[in-house]
Amino acid sequence: MIDSLRQVETPEGVELVLRVAGPTARAQAWLLDGVIKIAVLTALSIALGALGELGRGAFLLALFVVFWFYSVLFEVLWDGATPGKRSMGLRVVHDDGTPVGWPAAVIRSLVGFVDLFPGCATAGLVTMTLHPDFKRLGDIAAGTVVVYVDRRRRARHAEPEACAAPPVPLLPDEQGALVAFAERLPTLSSARARELAAILEPVLGRRESSVRGLAAYAAWITGRR
Amino acid sequence: MTRETFRETHRATWDALRELLDAFDARRERRLTPLEIARFDALYRRVCQHLALARQRLYGADLVEELNALALRAHHRLYGPKRGHAASVVRFLTHEFPGAVARHVGAVAIAALAFVVPTLVSATLVGSDGDRVTWFLSPDTVRSFEEMYEPGAGFRSRERRSSTDVAMFGFYVWNNVSIAFRTYAGGLAAGVGSLFVLAFNGVYLGAVGAHIVNAGLSGTFFSFVSGHAALELTAIALAGAAGLLLGKAVIAPGRLGRSHAVRLAGRESVRIAIGAFAMLVGAACVEAFWSASESVPPSVKYAVGALMWVAVFAYLAHGRRVARNER
């Protein structure tokens, strides 16, 4: 798989595409979560230290909850993301794209203990790097996957100045190729754009296969008339 | 139909779905009428159809990604987890947990053996020759145990306040449940991790118990542990059993693919692990608030301890009925 895309067929019969998150983003999220956990526990230990024995018991309970259930509570109750994951735009979902539930979140967290072996989450990182969906052991056992949440809209592309009908009739996938080329134009350097446009010279002739000409054909195909 | 015409024709549908989703996200759903909420279904299916059309007609990545993101948002909102937590907790304790245990009696038996046999071995070894306790425990540990179970020792005196009880409760929860969860998670290593932790704890317990008896402190020790022993020992065995289920899925997935088998085993075994966690919290309650109290005579404690064993086995036997009904 070249793209880190995962396709999920829904009961509605359509395929939804999830963008799977790789080890780097997940490691950053995990580190941020670690910082938050340490900060919370430090604050609690200071606050509860004043309460003597009662405070000690309460702190150990808090330690237990934070250590094993921090991720579980956030992932189930806060839309699939701990604060660390949210900062990186990540979310935990089941393999079929549905939001994560209690059993899966608990398994992820408990098996996450194994991911920490042999030291500094090596097992988890190695598994993530080798798995096609970047799953760590906890994800494999729970049937979950960590994906990006696409919140931002793509910036609108520049409107082409002209629009002209293609000189030869084109098949649907050829039209699709022209449209895709026009959409990618803002991200291509002008030299590269000319290089790609030159591919069509044998078909369309030299004048018609300029970059601007192809963009005009694409605009016509998409319906700007 | 060209892309722009397609967009113009269906823009209203997409915007309507987006509005509904924004309302749900901002928790404004109470301000929507039931009719508006009922439209969500139809709008979502319509958008899915548009997404499939846009893909097939090659309308370009922009439009396809926009519709994909919209459909994903709606899918996420529609297929969210069911609410109603309190009832499911009760159902878990009465049906899911005992049923899961009853379905995997074999794993429970193996885990129990992996715990009991090392206990008996080390107990026999230390019982026959008291000096052998140094094979298993450091001298400092031995001394601290002797101090703990001296009759009339400080930690069991009347001066022990309720705040110390809470501190001990917190400690037992943190310590014991963490061991249980580690036992469970270790099962992923082909079950070896679970077996190792079970055997290790068994050996430790047997050595401590035998040494206590050798030192003549058995009265205090057994009256202390009798209350919570049933819950705690059973829970450790159950956590080990859950780990063994994970291990079995890794080494012998049967007719399923390995990751599929692990996923199924994970769902089953996590029920047992969480049930064990609940039992250990109960054991921690008993251990912290009841077992150490001086005001209860030892005979009462032994009686309660025996009752606890009966209760635990009756509870798990109830699971057999649940499992049979569900078959």
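Whatever comes next refers back to the structure up there.
Everything in this summary refers to the structure shown in the same document. (Residues numbered from 1 in each chain as written. Chains lettered and ligands numbered in written order. Predicted model: local features only at pLDDT ≥ 70, side-chain atom pairs only at ≥ 80, totals over all residues. Heavy atoms only, no water.)

1. Notes on the environment of L238 of chain B
Residue and element names in this part refer to chain B. The following threshold applies: Put simply, DSSP marks the helices as runs of H or I at least four residues long and the strands as runs of E at least two long, and each gets a number from the N terminus on. Buried residues are those whose accessible area, probed at 1.4 Å on protein chains only, stays under 20% of the maximum for their type, while exposed residues exceed 50% and partly exposed ones sit between those limits. For this analysis, residues touch if any pair of their heavy atoms sits within 4.5 Å.
Here L238 lies in helix 10 (residues 218-251). A relative accessible area of 0% places L238 in the buried class. With 215 residues separating them in the primary sequence, L238 and A23 have C-alpha atoms 45 Å apart. If we ignore the near neighbours within four places in the chain, the residues touching L238 are F97, V101, V108, I272, A276 and M279.

2. A short note on the side chain of K85 of chain A
Residue and element names in this part refer to chain A. With respect to the secondary-structure elements, K85 resides in helix 3 (residues 83-87). According to the relative accessible area criterion, K85 is buried, its value standing at 11%. Setting aside its immediate chain neighbours within four residues, K85 contacts A29, D33, E75, L90, V92, R108 and V146.

3. A few points about the packing of aromatic side chains
Centre distance and the angle of the planes are the two values used to describe a pair of aromatic rings. We apply this condition: Aromatic contacts are taken between Phe, Tyr and Trp rings whose centres are within 6.5 Å, Trp giving its six-membered ring; a plane angle under 30 degrees counts as stacked, one over 60 as edge-to-face, and the others as tilted. Only when the NZ atom of a Lys or the CZ atom of an Arg is both within 6 Å of the ring centre and within 35 degrees of the ring normal do we say a charge sits over the ring.
All told, the structure shown has 22 aromatic pairs over all chains when counted by the stated rule. Ring geometry for F92 of chain B versus F97 of chain B: centroids 6.2 Å apart, planes at 20°, classification stacked. Accessibility classification places F92 of chain B together with F97 of chain B in one group, the buried group. On the numbers, 6.2 Å between centres and 20° between planes, the contact of W309 of chain B with F313 of chain B is stacked. In this pair, W309 of chain B and F313 of chain B are both assigned in helix 12 (residues 298-326), 4 residues apart and thus about one turn of the helix distant. Of the residues examined, W309 of chain B reaches a relative accessible area of 33% and is grouped as partly exposed. Each residue in the set F64, F67, W68, F69 and F113 of chain A together with W174, F181 and F277 of chain B is aromatic and connected to the rest through ring pairs, giving one cluster. Here the basic side chain of R86 of chain A rests over the ring of W78 of chain A, its NZ or CZ set 3.9 Å away from the ring centre.

4. Points about the interface of chain A and chain B
The condition is simple: The quantity reported as buried area is the accessible area (1.4 Å probe) lost by two parts once they are put together, taken as the sum for both. Salt bridge criterion: a side-chain nitrogen from Lys or Arg within 4 Å of a carboxyl oxygen from Asp or Glu. Residues adjacent in sequence count toward polar contacts only when both atoms are side-chain atoms; beyond that, a polar contact is any pair of N or O atoms within 3.5 Å, and within protein one must be able to donate a hydrogen and the other to accept it.
With 59 residues of chain A at the interface, the matching set in chain B holds 54 residues. Between chain A and chain B, a total of about 4800 Å² is buried, with carbon and sulfur atoms accounting for 67% of that surface. Its largest share of buried area at the contact with chain B, chain A owes to E12, L16 and F64 of chain A, together 12% of the area lost on that side. There are 2 salt bridges connecting chain A and chain B. Linking R263 of chain B and D95 of chain A is a salt bridge whose minimum nitrogen-to-oxygen distance equals 3.7 Å. Scanning the region where chain A abuts chain B turns up 13 residue pairs in polar contact (both at pLDDT 80 or more). Listed by contribution, the elements that provide at least two residues to the side of chain A that touches chain B are strand 2 (15-19), helix 2 (52-77), strand 3 (90-94), helix 4 (102-115), helix 6 (137-142), helix 7 (172-184) and helix 10 (211-222) of chain A. The leading source of residues in the side of chain A that touches chain B is helix 2 of chain A, at 13 residues.

5. A closer look at a nonpolar patch on the surface
All names here are of chain A. What counts here: Exposure above 30% relative accessible area and no salt bridge define the residues that can form patches, which grow by joining like charges within 9 Å and nonpolar side chains of Val, Leu, Ile, Met, Phe, Trp and Tyr within 5 Å. Residue exposure ignores everything except the shown protein chains as possible cover, and the areas themselves are Shrake-Rupley values with a 1.4 Å probe.
Together, V65, L73, L77 and W102 line one region of the surface with nonpolar side chains, adding up to about 330 Å² of accessible area. Per element, the largest residue contribution to the nonpolar patch is 3 residues, and it comes from helix 2. Considering the arrangement of structural elements, one finds L73 in helix 2. Taking the relative accessible area as the measure of exposure, L73 reaches 38% and is therefore partly exposed.

6. Quick notes on the packing of helix 2 of chain A against helix 4 of chain A
Residues and elements named next belong to chain A. Quick reminder of the rule: Angular values range over 0 to 180 degrees, each being the angle between N-to-C directions of two axes fitted as lines to C-alpha atoms, with helices fitted over their stretch in contact. In what follows, roughly perpendicular refers to angles from 65 to 115 degrees, roughly parallel to angles under 35, roughly antiparallel to angles over 145, and oblique to any angle outside these ranges. For a crossing to be left-handed, the near helix must be turned anticlockwise from the far one by less than a right angle; the clockwise case is right-handed. Three classes are used: nonpolar for Ala, Val, Leu, Ile, Met, Phe, Trp, Tyr, Cys and Pro, charged for Asp, Glu, Lys and Arg, and polar for all others, with Gly counted as polar.
Look at helix 2 against helix 4: their axes get within 9 Å of each other, and the N-to-C directions meet at 150°. The orientation of helix 2 relative to helix 4 falls into the category roughly antiparallel. With respect to the hand of their crossing, helix 2 and helix 4 are arranged in right-handed fashion. Contacts between helix 2 and helix 4 pair W68, V72, L73, E75, V76 and L77 from the former with W102, A105, V106, R108, S109, L110 and F113 from the latter. Of the residues in the contact of helix 2 with helix 4, the class split is 10 nonpolar, 1 polar and 2 charged.

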